[in-house]
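Here's the letter readout for the chains.
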Protein chains: 4
Amino acid sequence: MTGQNPVFIPGPTNIPDRLRFALSGQTEDHRSPDFVGILAPVLSDLKKVFKTTSGTIITFPASGTGGWEAAVTNTLSPGDKVLAARHGMFSHRWIDLCQRHGLDVEIIECEWGEGAPADLIGQRLAADTRKEIKAVLVTHNETATGVVSDVGAVRRAMDDAAHPAMLYVDAVSSLASMDFRMDEWGVDLAVSGSQKGFMLPTGMAIVGVSRKAMEAVADAQCPRCFFDFRDMAGANAKGGFPYTPPVQLIQGLRKSLDMLLEEGLENVFARHARIAEGVRRAVDAWGLQVCAKEPRLYSDTVTAVLVPAGFNSDTLTNHAYDAYDVSFGVGLGQMAGKAFRIGHLGSLTEVMALSGLATLEMAMKDLDYPIKLGSGVAAAQEYYRSTKSAALSKAA
Amino acid sequence: MTGQNPVFIPGPTNIPDRLRFALSGQTEDHRSPDFVGILAPVLSDLKKVFKTTSGTIITFPASGTGGWEAAVTNTLSPGDKVLAARHGMFSHRWIDLCQRHGLDVEIIECEWGEGAPADLIGQRLAADTRKEIKAVLVTHNETATGVVSDVGAVRRAMDDAAHPAMLYVDAVSSLASMDFRMDEWGVDLAVSGSQKGFMLPTGMAIVGVSRKAMEAVADAQCPRCFFDFRDMAGANAKGGFPYTPPVQLIQGLRKSLDMLLEEGLENVFARHARIAEGVRRAVDAWGLQVCAKEPRLYSDTVTAVLVPAGFNSDTLTNHAYDAYDVSFGVGLGQMAGKAFRIGHLGSLTEVMALSGLATLEMAMKDLDYPIKLGSGVAAAQEYYRSTKSAALSKAA
Amino acid sequence: MTGQNPVFIPGPTNIPDRLRFALSGQTEDHRSPDFVGILAPVLSDLKKVFKTTSGTIITFPASGTGGWEAAVTNTLSPGDKVLAARHGMFSHRWIDLCQRHGLDVEIIECEWGEGAPADLIGQRLAADTRKEIKAVLVTHNETATGVVSDVGAVRRAMDDAAHPAMLYVDAVSSLASMDFRMDEWGVDLAVSGSQKGFMLPTGMAIVGVSRKAMEAVADAQCPRCFFDFRDMAGANAKGGFPYTPPVQLIQGLRKSLDMLLEEGLENVFARHARIAEGVRRAVDAWGLQVCAKEPRLYSDTVTAVLVPAGFNSDTLTNHAYDAYDVSFGVGLGQMAGKAFRIGHLGSLTEVMALSGLATLEMAMKDLDYPIKLGSGVAAAQEYYRSTKSAALSKAA
Amino acid sequence: MTGQNPVFIPGPTNIPDRLRFALSGQTEDHRSPDFVGILAPVLSDLKKVFKTTSGTIITFPASGTGGWEAAVTNTLSPGDKVLAARHGMFSHRWIDLCQRHGLDVEIIECEWGEGAPADLIGQRLAADTRKEIKAVLVTHNETATGVVSDVGAVRRAMDDAAHPAMLYVDAVSSLASMDFRMDEWGVDLAVSGSQKGFMLPTGMAIVGVSRKAMEAVADAQCPRCFFDFRDMAGANAKGGFPYTPPVQLIQGLRKSLDMLLEEGLENVFARHARIAEGVRRAVDAWGLQVCAKEPRLYSDTVTAVLVPAGFNSDTLTNHAYDAYDVSFGVGLGQMAGKAFRIGHLGSLTEVMALSGLATLEMAMKDLDYPIKLGSGVAAAQEYYRSTKSAALSKAA
């Protein structure tokens, strides 16, 4: 791997130079007044990205999985019942994590390619007359299938059922790339990480915590220490961490927030949507299908593409890497061998996206896929050029 | 803070350029063959630093505290009795972590400035005829007091008591800077991190696990998922992580290991010892005392210096920062206000150390400490120049 | 300009990270033994790139134009007659430089798009029975037209005429990307720079000097000081420069040579040829023509593409920049408005090249060029994929 | 050389991270609107540093020596008489450069350690009744001896003699570190470079040109092309260069100007003066003498220290490098073996300066100089601490 070509994995993303420089910053004293002065505005600006004013942002030096663990262990107790839909690898893993922490997970099994079923969730909650369900778990963007779930619809279903369960959302691969509205959607725990929309390396779990969730902390009986919200929130309030913070990542997050807010969140979302749509048009021009069942489910950060019968998607991603030095996402879980994934989030331009599409065409042709070279590229080009004036005028 | 002067906090350390470049590396696919090819040698070379051949190295994207949590939750069960000495802030925090995970911690209270008392540990173990104590916790280098404990002596005491408890060692601020012998000392769980001897930012917990400890994993009942040894060891065996790995930190660790092994571990230790001794001679020339009670307890990575009666060490460290833009470690816990700490680990030269000593002299003089300018510097200079030929010949 | 997309100007090229790190290196003492130890091997390895064993390499902290000035002023005297072909902007500028230094330039005017005419040069030399012509100037790769000249043929013509004139070659945009054979072709002065095949920023003129040329230095009457070969060669022999050297660029050159020699010069040339041919196939698929008159003149580092009548190439390059954030070379001199240039030298992959071609297609379509989206991309894809196995087997 | 310790050579200086990042910037198109937009403000802000409103700033991709050559060849003709004082290595080299370009240099020989003699210059000019002297050459800061000359006094002497000669000043190692007043002092040609007060690598000659000097360009007969003011000024006016510009250095200069102007030029000068005075107090405490004959001649960017009889300064600088990995300036020309030089310009703090002084003390003691360890450090410490409040209040 030469590092010359962009990556098209669904995170970590390509990293802008401005962030790379921050990541290579020399050590500064994390107990110094200067560093202390950085943390509060970072947490405050993160609220803008979560679209919350009443919530609290808590970060940990960990991956997104650590964020899940923090969300669950700080607000629930062993034996608590939680309701979760399983429709992809990441919703599956989250369920597994809950089970290992002693939670009683009621699973709604969905077809991979579907989103979280707001209607079914509503039915279960309505049936839970004893209000035993403490939490509803939703994966906003299922990275394995390229499916975005309608979190607002889940919230409405919860409200319709007048159920007091809290709403937990995995926003790891959506936050800062697709619209996320913590307050409006009544999300109680929103989990994300540094390596997706924030365009940084893995290393920071970022969790949005509602007031209700924060109140639940006192009663939660799951043991925790490293991930304890109270320690972190208490130390943050004094400008610090309960242990050594990842200073460079926090400085990187500062720069990342600068970039996102300078561009404007809505422009960031529009950019992702535009690049994603070009990719989908290419897929369509190839005569292939995406994993997501319906257009309303299409993710703007990752597209999972089903390979034709008789082909193995792992062969394709391996070949693209070996022959052209370009990384795409492999199929995970049920999709192993059946789908490859094109990550199109974070630091990306339509020009970079076209190089990924062109590479896939060559790789598919090499493997005798019934593909016409240039066909997907042309479809994406047409979309990009016909929509660019809007992009230009917005940028101006 | 301009970033021009070195930091003298006891970690994170000053970062060499070679590592800073690795940390700013562009994203590479963590599932690619190239990345997979990097992980195994990193883990293998880490064994050399732990001085273990039979143990397993497990890393997590977390701080050293996460390493503690991993060590404890993977090998113990709620209610298990563990024996720990408390003689500083970090031994104290570890005890707290154990208690939060439901362990029954038997605490040997020691004066701060003392090391872990091998004799008392031996006595307790001998008295534990029912072998209820599952683990002995030792902080190899207590960063709050600048005290190094004799882990080998603890092991001998354990063996003398013929007690089967496992030996857990916090080697966060000693590993890769001071001699650590996992196998020889019979350490079962050795916890370290990226931000000390490895000269990297915070972000990776590094744990050495003995065969005996690995066997204990199956029976351990503490809930864990993010920090589960089995998931990590299993994924590592295939060249990956159970979740997204911190690619740049792992590449940084690769370069860090290259640097340590190129210099030679024993040379690294000798360099730390030499710089530390110069610092201690300066302290002595100032007429001040270190926190460590005896020379055999002196740490080679951090020196905690007691301020004279009537002075407040926080005022000194704040002044050094405000007036001279240099960071030193503050006094922690019982030592708050009573001691300041000079970190002298990781990427440091005697020339850099002298600039720290010179800064302290100016800051102390400014605050009317009874200090003669140049006195400590001169003592350190004399030591450094009289020992440099050995350093030179070793380098040659 | 976001810096995310590759540039397609014919130099400076995209810079590999390995070189970017070297360029950001901290200051080191240029009079230190360590730096002195670096210079000699750099000069020695440069000889391999020039393919000379008997020549001397002399570098200056300047651009390629400075290299021309050095070549001319160190070996010629005011009033000396030199013979030069003018067939592009860079051959034109070189002639201008000679005239400003008082040389009597006999110019062979050629059509832009032609190479240096070995036959006409031979005729002029044959006619110069008094041997007044002191030098023949050839632009190996005319960057303005994308034309490579046959230097070996010029040498043969000179030999056939049994003329003692020296052969001066501008190899700025060919060296380290296309085959260059200083000794075999009997080149006396070969001028290059850091910002093309060496993939570095502008800042170092690199000149190959034959023994014969070096002997001419003593008699050359053109005044010079900054560019004096004698000062530089003398200081180089002691490991230094006659003034402060550009340390980071020299360290960058060290890394660049490492990269070139690790890949193998012939592989480097083959890579450039393959990428260039894909670009030319795209141009052909678009129904456009290149500036170079014949295939034997095609440059492997830059392709100048003639726009159809009625179109202005500046409008195209401006639009590509404004709308898609991608830089291409503008038409220069006679080609202003008539041709755009695609730089495909230095650090580039076929995947990056495809993104440039895709961008051009969108930009041309936007401006109503009679272009079919995807057509050029497909032609290049087909070429790249059908030739990749050779590339792969060579890389293996 | 590990790169951990600061350098104390009198340029290139230690480079701040902010500039190092700019230097490693990816290639951007030098003909693009964005780059074009950068050049004009850089040139405009450079005027502030030269303290000129009526002059023009012209830069070249070259070293300071290239700047000399540009100044001379653009404004003078072979045979022109120029008057120059020789009192150090750099004034000597400038004279040599003039002679090589055919100028008739009338030399005032001064003792090394003296400045340019305004009185003698005035006498010569007064005696030049035929006004044959076209230029007076003054080295503002003689880097070889650490002597600053009074340029304003030279201007007054010129005015008193009512002589029309132009005033040429070498400000390479003074500009942006010590006060320089191009307009007030009536300087016609002021030559500097990127690697001193601008804290960048070597690679850019920076020349201030008065209106009078610019008018002289038309008549100047020295041949030049690479360094032609007309080409550069003409291209600059359109936002470009007549050849490929050193993009990263220009971006670095942008950041350097930002840093200098943010700190405030007068604060920059005060910082240099304060650090320099501490160094001189150390030298005095050692019982050694500086090369500069009088306090009014003391340079604030470099101090040349005479070694006691019987000692060789080269041995000292070599030993400091070999034993302690710290670079100091060697004695040049007449001072070879007799003086070492401490560079204290550019990116430097008093803390860094103290580490250099401490190193020199160790090195001198090792070589049996009659030096008391800590003595110079203490003198500098006392000065730094007693003057820091002013520095702090200024910074506030």
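Note that this is a predicted model, so its numbers are computed, not measured.

**Q** I would appreciate a short explanation of the sheet that holds strand S11 (residues 302–306) of chain A in the present structure.
**A** What holds strands together in a sheet is hydrogen bonding between their backbones, with the strands either parallel or antiparallel. If you walk across this open sheet you meet the three strands as S10-S11-S12 (chain A), and the pairing is antiparallel. Either end of the sheet is taken by a strand with one partner, and the two such strands are strand S10 (289–290) and strand S12 (339–343) of chain A.

**Q** Explain the interface of chain A and chain B to me, please; I cannot follow it from the model alone.
**A** Where interface size is quoted, it is often the accessible area lost as the parts come together. Contacts between the two partners involve 53 residues from chain A and, on the opposite side, 53 residues from chain B. In this assembly, chain A packs against chain B so that about 4,400 Å² is buried in total across both faces, 55% of it on carbon and sulfur atoms. The three residues of chain A that bury the most area against chain B are A:Gln26, A:Thr27 and A:Arg100, which together make up 14% of that side's buried surface. Where chain A packs against chain B, one counts four salt bridges. For A:Arg100, the salt bridge goes to B:Asp228, with nearest N and O atoms at 3.0 Å. Connecting chain A to chain B are 22 residue pairs in polar contact (both at pLDDT 80 or more). Of the residues in the side of chain A that touches chain B, the class split is 23 nonpolar, 18 polar and 12 charged.

**Q** For this particular structure, what's the right way to read the UniProt feature "domain: Aminotransferase class V" (unreviewed entry) in chain A?
**A** Residues given the UniProt feature "domain: Aminotransferase class V" (unreviewed entry) here are residues 44–291 of chain A. Along residues 44–291 of chain A, the helical share is 42% and the strand share 18%, with 37 Å between the first and last C-alpha atoms.

**Q** Where do I start with the interface of chain D and chain B in this structure?
**A** Taken together, the contacts link 35 residues of chain D with 35 residues of chain B. Where chain D abuts chain B, roughly 2,800 Å² becomes buried across the two surfaces, and 59% of that area is made up of carbon and sulfur atoms. The interface formed by chain D and chain B holds six salt bridges in total. Of the charged contacts in the structure, one is a salt bridge between B:Arg385 and D:Asp366, with a shortest N-O distance of 2.6 Å. Counting every contact that joins chain D to chain B gives 16 residue pairs in polar contact (both at pLDDT 80 or more). Listed by contribution, the elements that provide at least two residues to the side of chain D that touches chain B are helix H1 (17–23), helix H11 (313–324), helix H12 (350–366) and helix H13 (375–395) of chain D. The element that contributes the greatest number of residues to the side of chain D that touches chain B is H12(D), accounting for 11 residues. Within the side of chain D that touches chain B, the residues separate by chemical class into 15 nonpolar, nine polar and 11 charged.

**Q** Any chance you could explain the sheet that holds strand S11 (residues 302–306) of chain B here in plain terms?
**A** Residues and elements named next belong to chain B. Across the sheet, which stays open at both edges, the three strands sit in the order S10-S11-S12 with antiparallel pairing between neighbours. Lying at the two open borders of the sheet, with one neighbouring strand each, are strand S10 (289–290) and strand S12 (339–343). Of the strand pairs in this sheet, S10 and S11 are connected by two bridges, and their pairing is antiparallel. Each bridged residue has a counterpart across the sheet, and for Gln289 the counterpart in S11 is Leu306.

**Q** Is there a simple way to explain the relation of the copies chain A and chain B in this structure?
**A** The operation linking the two copies of the chain is a rotation about an axis combined with a translation along the axis. Rotating chain A by 180 degrees and moving it 0.0 Å along the rotation axis overlays it on chain B with an RMSD of 0.0 Å. A rotation of that kind, with that shift, is consistent with a two-fold axis. Both copies share a contact surface, since 100% of the interface residues of chain A are interface residues in chain B too.

**Q** Honestly, the domain arrangement of chain A in this entry has me stumped. Any pointers?
**A** Residue and element names in this part refer to chain A. Looking at chain A, the domain boundaries give domain 1 (17–262) and domain 2 (265–395). One C-alpha centre belongs to domain 1, the other to domain 2, and the line joining them spans 28 Å. Tallying the contact residues gives 27 residues for domain 1 and 24 residues for domain 2. For the pair domain 1 and domain 2, the summed buried surface comes to about 2,100 Å²; carbon and sulfur atoms form 64% of the total. Linking domain 1 with domain 2 are two salt bridges.

Cut-off values and rules
- Residues numbered from 1 in each chain as written.
- Chains lettered and ligands numbered in written order.
- Predicted model: local features only at pLDDT ≥ 70, side-chain atom pairs only at ≥ 80, totals over all residues.
- Heavy atoms only, no water.
- Pairing = 2+ DSSP bridges.
- Helix = DSSP H or I, 4+ residues; strand = E, 2+ residues; numbered from the N terminus.
- Contact = heavy atoms within 4.5 Å.
- Buried area = accessible area lost by both parts, 1.4 Å probe.
- Salt bridge = Lys/Arg side-chain N within 4 Å of Asp/Glu carboxyl O.
- Polar contact = N/O pair within 3.5 Å; in protein donor to acceptor, adjacent residues only side chain to side chain.
- Nonpolar A, V, L, I, M, F, W, Y, C, P; charged D, E, K, R; others polar.
- UniProt positions renumbered as here; feature names shortened; annotations may be inferred.
- Least-squares fit on C-alpha atoms with pLDDT ≥ 70 in both.
- Domains from an automatic or database assignment.

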